[in-house]
Amino acid sequence: MANKKILISGNEAIAEGALAAGCSFYAGYPITPQNEIIAYMASQMPERGGVFVQAESELAAINMVFGASATGARAMTSSSSPGISLKQEGISYLAGAQLPAVIVNIMRAGPGLGNIWPAQSDYFQATRSGGHGDYHCIVLAFASVQEAYDMMQLAFDLADKYRNPVIILGDGLLGQMMEPIVAKRISPIVYRSNKQKKWALTGCKGRKPNIIRSLYMSQDALEKSNFSLQAKYQKIKKSEERYEGWFLDDAKIILVAHGSMARIAKGAVKALRDKGKRIGLIRPITLWPFPAKIFRQLVMENKKLTFLAVEMSFGQMVEDVRLSVNGKVPVKFFGRSGGAVLTAEEIIREVNKLE
Amino acid sequence: MIKKINNHPKSLRKIPTHYCAGCGHGLAHRLIAEVVDELGIREKVIAIAPVGCAVVAYDYWDFDCSEAAHGRALAVATAIKRVRPDNIVFTYQGDGDLAAIGTNETIHAANRGENLTVIFINNAVYGMTGGQMAPTTLLQQKTATTPKGRDQKLHGYPLKISEILALLPGVKYIERVSLHSPQEITKAKRAIKQAFTNQIEGLGFSLVEVLSSCPTYWGLSPNQALSWMREVMVKEFPLGRIK
Ligand SMILES: Cc1ncc(C[n+]2csc(CCOP(=O)(O)OP(=O)(O)O)c2C)c(N)n1
Ligand code: SF4
């Protein structure tokens, strides 16, 4: 099918990308700065044969996603930080029942009501199982409007492959930003439930009844189920780490940043490279699993490295960098949080302080 | 030869339940299973089990079932029915599940007029967690959290969620029934059948409130519990068609 070039915002690209990936169910509750997603879904989902529901709360929305996913449909919801906090109960149930789903968090600053300006301070919540229990969501972070669009296909594919919730982590800056992208020209949604999902609830015609559950009354049964979850997480860790590397071959200082911070950090790297500084960048694309392998490999090859994590938070992802290098080289941190966006100049000043 | 009069419903597995002696849940499960059989919809049904004593209802019913977090059954059911309108989708919920933690989901699913069937088990307590006050607990009724009895000044009044829901234009059918005598059980089954038939015909949101006994947390014998329902509970929760 022919591609088309369109100019849209990050939020709209997420919605359009989800539709292109065969998402046939969306439920959400309005919250800034991601309202373009819900509006886009309200207008486009029914046009293309899917189901759109404006839920009465984020709690209802995530549980609607639970129901749609239980039937085998590709289902998603989106929100921003305070709404994502409300969804945590449902995300834990999705993980426990091994249901695929995509949850988009266009982060704003917190804690509490905070404000509507961009932040990356929900990193812990996303990567450390924000709800109760021992579980993990796969967490993906995009850094451009095109990547937001493309990432939706990956998100739904990973969710189905591993029967696991996937979180897309962006921030208000990326959500609102307009960029031209190449999008697939898509036909109406062909199926609402996927016939390959043998576990799905479709009515028990011609088979034994299916049950979607996360409850296991006995200690043995729950531990067995949890062991199988852990085995799945190990498999994901082994095969799904993704990152983008920039000038890693000769770098002595490596910036680590995700999402819109990575774009700004790239500007700093470019300016410093022009001045002859041996600096590089790692942009984690999977935040869980965190791309630890590349860090270990670099540290093994070069003991004189310094990492500088830059974040729109007071230091969350930096913990994963520290865990990855395991004390072998220095890991520094620079960040702001509360809606402030770090500039390339601030990063450059921080880098210059390192030597 | 002795003739078997009560055939075991195909939609109910032949295993003992975990419910206390005299509990209404087992009977309510059976009535639903009989109705599902009689309407010939076993292969189309998708049930949503609550969080409450009936959480493992899916161990007893022999058709597709999903769990839902406490109170969220109607959000889960809404999506299942919207994605698969040809299936017959129902929720089975206790008074804590439907009328306390899940009130928001309940009111909004009803107000959207979702074409769903709801079996609402009112036993005037939280059974699963040890007999605490439910929104439906009667005035003066003693529970684990109202040791001196429910006092309207402190705890408010028994919540008549069915009457509240009846005000919503999206709601098609509401009836309150009770399981305290064979006659009432027959009426309960007829109402449950009506609520399923409405969905088959696409008529919209239908709810049956079933007064059900919890001898364990009422501190009564199974027989005393039935008398209490007949003499006290139905005065607070009058039986019959509400809408
Ligand atoms: C979020 C959450 N809060 C509390 C509980 C604990 N809990 C389990 S069942 C229940 C109340 C059940 O009462 P009801 O819905 O009336 O059903 P019954 O057990 O009486 O049939 C509570 C409070 C829970 N499982 N989840
Ligand atoms: S506690 Fe009450 S509701 Fe629960 S099984 Fe026992 S009698 Fe039934």
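Criteria and cut-off values
Residues numbered from 1 in each chain as written. Chains lettered and ligands numbered in written order. Predicted model: local features only at pLDDT ≥ 70, side-chain atom pairs only at ≥ 80, totals over all residues. Heavy atoms only, no water. Near = heavy atom within 4 Å. Helix = DSSP H or I, 4+ residues; strand = E, 2+ residues; numbered from the N terminus. Nonpolar A, V, L, I, M, F, W, Y, C, P; charged D, E, K, R; others polar. Salt bridge = Lys/Arg side-chain N within 4 Å of Asp/Glu carboxyl O. Buried < 20%, exposed > 50% of the residue type's maximum accessible area, 1.4 Å probe, protein only. Polar contact = N/O pair within 3.5 Å; in protein donor to acceptor, adjacent residues only side chain to side chain. Domains from an automatic or database assignment. Contact = heavy atoms within 4.5 Å. Buried area = accessible area lost by both parts, 1.4 Å probe. Core = buried A, V, L, I, M, F, W, Y, C linked by side-chain atoms within 4.5 Å. pLDDT = per-residue confidence, 0-100. Pairing = 2+ DSSP bridges. Axes fitted to C-alpha atoms, helices over the stretch in contact; angles between N-to-C directions. Phe/Tyr/Trp six-rings, centres within 6.5 Å; stacked < 30°, edge-to-face > 60°. Lys NZ or Arg CZ within 6 Å of the ring centre and 35° of its normal.

Another aspect to go through is the site of ligand 2. Residues and elements named next belong to chain B. Tyr19, Cys20, Cys23, His25, Cys53, Asn123, Cys214, Pro215, Thr216 and Tyr217 make up every residue found near ligand 2. Per-element tally for the shell around ligand 2: the top contributor is helix α9 (residues 215-218), with 3 residues. For the shell around ligand 2, a count of residues per class yields 7 nonpolar, 3 polar and no charged.

Below, the discussion takes up the pattern of salt bridges. In total, this model carries 33 salt bridges over all chains according to the counting rule given. Across the salt bridge formed by arginine 74 of chain A and aspartate 160 of chain A, the nearest N and O atoms sit 2.9 Å from each other. Of this pair, arginine 74 of chain A sits in the loop between α3 (58-70) and β4 (75-79) while aspartate 160 of chain A sits in helix α6 (residues 145-162), and the two are 86 residues apart along the sequence. On the basis of relative accessibility, which here comes to 9%, the residue arginine 74 of chain A falls in the buried class. Residues joined by salt bridges that share partners form a network here, namely Arg30, Glu34, Glu38, Lys189 and Lys193 of chain B.

So, on to the site of ligand 1. Close to ligand 1 lie 17 residues, the nearest being His25, Cys53, Asp95, Asp97 and Gly127 of chain B. Those residues lying near ligand 1 are distributed over chains A and B. Separating an oxygen atom of ligand 1 from a backbone N or O atom of valine 125 of chain B is a distance of 3.2 Å. Listed by contribution, the elements that provide at least two residues to the shell around ligand 1 are α4 (95-101) and β5 (125-126) of chain B. Counting residues per element, the shell around ligand 1 draws most heavily on α4 of chain B, which supplies 4 residues. Of the residues that constitute the shell around ligand 1, the class distribution is 6 nonpolar, 8 polar and 3 charged.

All names here are of chain A. On domain assignment, one finds that chain A holds domain 1 (4-239) and domain 2 (244-354). Using only C-alpha atoms to locate each centre, domain 1 and domain 2 end up separated by 28 Å. The interface of domain 1 with domain 2 comprises 33 residues on the first partner and 28 residues on the second. Around 2,500 Å² of area is buried between domain 1 and domain 2 when both sides are counted, 56% of it from carbon and sulfur atoms. Here domain 1 and domain 2 share 3 salt bridges between them. The partner of glutamate 179 in a salt bridge is arginine 263, with the nearest N and O atoms 2.6 Å apart. Elements with a minimum of two residues in the side of domain 1 that touches domain 2: β6 (115-118), α5 (123-127), β7 (138-141), α6, β8 (165-171), α7 (172-176) and α8 (219-240).

Residue and element names in this part refer to chain A. Residues Phe25, Met76 and Phe307 are the most contacted members of the largest nonpolar core, which totals 129 residues. Counting residues per element, this core draws most heavily on α6, at 10 residues. Two domains each donate at least three residues to this core, and these are domain 1 (4-239) and domain 2 (244-354).

Any segment with low pLDDT has predicted coordinates that should not be analysed in fine detail. Counting all residues, the mean pLDDT for chain B is 97, and 98% of those residues have values of 70 or more. In the model output, the complex is listed with pTM 0.97 alongside ipTM 0.97.

Let us look at the interface of chain B and chain A. Facing 34 residues of chain B, the contacting portion of chain A comprises 35 residues. The contact between chain B and chain A buries some 2,800 Å² in all, and 59% of this surface belongs to carbon and sulfur atoms. A per-residue breakdown of the area chain B buries against chain A is headed by Asp64, Glu67 and Val83 of chain B, which together make up 22% of the total. Our count for the chain B to chain A interface comes out at 4 salt bridges.

With that out of the way, let us pick up unusual backbone geometry. Residues and elements named next belong to chain A. Cis geometry is adopted by the peptide bond preceding proline 33, which originates at threonine 32 and carries an omega value of 10 degrees. On the secondary structure map, proline 33 appears in the loop between β2 (25-28) and α2 (35-47). The omega angle of the peptide bond from tryptophan 288 to proline 289 is 0 degrees, so this bond is cis rather than trans. Along the chain, proline 289 falls in the loop between β14 (286-288) and α10 (292-301). Residue phenylalanine 247 is not a glycine yet carries a positive backbone phi of 55 degrees. Checked against the element boundaries, phenylalanine 247 lands in the loop between β11 (243-246) and β12 (253-256). By relative accessible area, which is 41% here, phenylalanine 247 ends up partly exposed.

Let's shift gears to the sheet that holds strand β13 (residues 279-284) of chain A. Residues and elements named next belong to chain A. A sheet is described by the order of its strands in space; here 5 strands give the open sequence β11-β13-β12-β15-β16, paired in mixed fashion. Because the sheet does not close on itself, it has two edges, and the strands there are β11 and β16 (331-335). For this sheet the average axis-to-axis angle between neighbouring strands, irrespective of direction, equals 20 degrees. Here 5 bridges tie strand β15 (residues 306-311) to β16, and the two strands are oriented parallel to one another. Bridge pairing in β16 links leucine 308 to lysine 332. Seen against the sheet, α10 touches β11, β12, β13 and β15 and runs at an angle of roughly 155 degrees to β13. Helix-sheet contacts for helix α11 (residues 317-325) involve β12, β13, β15 and β16, and the interaxial angle to β15 is about 160 degrees.

Here the focus is the packing of aromatic side chains. Evaluated as defined, the whole model comprises 12 aromatic pairs over all chains. Centre to centre, the rings of tryptophan 246 of chain A and phenylalanine 247 of chain A are 5.2 Å apart; their planes meet at 65 degrees, and the pair counts as edge-to-face. For the ring pair phenylalanine 295 of chain A and phenylalanine 307 of chain A, a centre distance of 5.1 Å and an interplane angle of 50 degrees mean the geometry is tilted. Here phenylalanine 295 of chain A, found in helix α10, pairs with phenylalanine 307 of chain A, found in strand β15; they are 12 residues apart in sequence, far enough to count as distant. Across the pair, exposure class does not vary: phenylalanine 295 of chain A and phenylalanine 307 of chain A are buried alike. Among the aromatic residues, those joined into a cluster by ring pairs are Trp61, Phe63, Phe90, Tyr92 and Phe196 of chain B. It is lysine 160 of chain B that lies over the ring of phenylalanine 237 of chain B; its NZ or CZ is 5.9 Å from the centre.

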